[in-house]
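Notes for the structure review
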Amino acid sequence: MLTIKCSKCKNKLFKYEKVGSGRVLRCWKNKITRAYNIKVVEDKLFCAECDNLIGRIDDKKVDMISEAFTYTGTKTTK
Ligand SMILES: [Zn+2]
C-alpha cells in the first residue's frame, strides 16, 4: 500500500494499492482505499492544504502529475 502525499506541503492525500513495480502515473479509483485531505473541482484533484494540482480525474482513474506528489510505502507484487 502506498501513501500518496503532496510534494509541496507533504499533506497526506490518499492511500493507493499499487500493483506492480512500475511508476505511479495513474491511479485507478477502485484501488484508492482511503482518501485523506483532497479537494475535487470539476475533473481536477487538488491538495486541500495548498491547492497544488495533483491530477486529472476521468471515469475510472486519476492521471497523476508526476512532480505534484511523492509517496511512501510498498507496491504490491503479483
Ligand atoms: Zn499540498
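First things first, this report covers the structure right here in the doc. (Residues numbered from 1 in each chain as written. Predicted model: local features only at pLDDT ≥ 70, side-chain atom pairs only at ≥ 80, totals over all residues. Heavy atoms only, no water.)

Geometry reference: four tetrahedral donors at a metal, ideal angle 109.5 degrees. Six octahedral donors, ideal angles 90 or 180 degrees. Ligation of the zinc ion by protein atoms is provided by Cys 6 (SG), Cys 9 (SG), Cys 47 (SG) and Cys 50 (SG), these donors lying 2.3 Å from the ion. Spacing between the donor residues of the zinc ion along their common chain follows C-x2-C-x37-C-x2-C. (Donors = N, O, S within 2.8 Å, 3.2 Å for Na, K, Ca; no water.)

Turning to the sheet that holds strand β4 (residues 32–35), a few remarks are in order. With antiparallel pairing, the four strands of this open sheet are ordered in space as β4-β2-β1-β9. Of all strands in the sheet, those bounded by a partner on one side alone are β4 and β9 (69–73). Each adjacent strand pair in this sheet contributes to an overall mean axis angle of 25°, direction not counted. In the sheet, strand β2 (residues 12–16) pairs with β4 via three bridges, with the strands oriented antiparallel. Within the sheet, the bridge partner assigned to Phe 14 lies in β4 and is Ala 35. (Pairing = 2+ DSSP bridges. Helix = DSSP H or I, 4+ residues; strand = E, 2+ residues; numbered from the N terminus. Axes fitted to C-alpha atoms, helices over the stretch in contact; angles between N-to-C directions.)

Next up on the list: unusual backbone geometry. For Glu 42, which is not glycine, the phi dihedral falls at a positive 50°. Following the sequence through the fold, Glu 42 ends up in the loop between β5 (38–41) and β6 (44–47). Take Glu 42: its relative accessible area is 73%, and that puts it in the exposed class. You will see that Asp 51, though not glycine, has its phi angle at about 65°, which is positive. (Buried < 20%, exposed > 50% of the residue type's maximum accessible area, 1.4 Å probe, protein only.)

A separate point is the environment of Lys 60. You can see Lys 60 is positioned in the loop between β7 (53–57) and β8 (61–64). Sequence separation between Lys 60 and Cys 27 is 33 residues; the distance between their C-alpha atoms is 8.6 Å.

The next point concerns the pattern of salt bridges. Under the definition given, this model contains four salt bridges. Of the charged contacts, one joins Lys 44 and Asp 43 as a salt bridge, the two residues approaching to 3.7 Å between their closest N and O atoms. Here Asp 43 falls in the partly exposed class, since its relative accessible area comes to 36%. One salt bridge in this structure joins Asp 58 and Lys 61, with 2.7 Å as the shortest N-O distance. On the basis of relative accessible area, Asp 58 is assigned to the partly exposed category, the value being 32%. According to the relative accessible area criterion, Lys 61 is buried, its value standing at 17%. (Salt bridge = Lys/Arg side-chain N within 4 Å of Asp/Glu carboxyl O.)

The next thing to look at is the nonpolar core. Core analysis: the largest hydrophobic core is formed by 16 residues, its most contacted members being Ile 4, Leu 13, Phe 14, Cys 27, Ile 54 and Met 64. Contact partners of Leu 13, with chain neighbours within four places excluded, come to Ile 4, Lys 5, Cys 6, Ala 35, Tyr 36, Asn 37, Ile 38, Cys 47 and Ile 54. (Core = buried A, V, L, I, M, F, W, Y, C linked by side-chain atoms within 4.5 Å. Contact = heavy atoms within 4.5 Å.)

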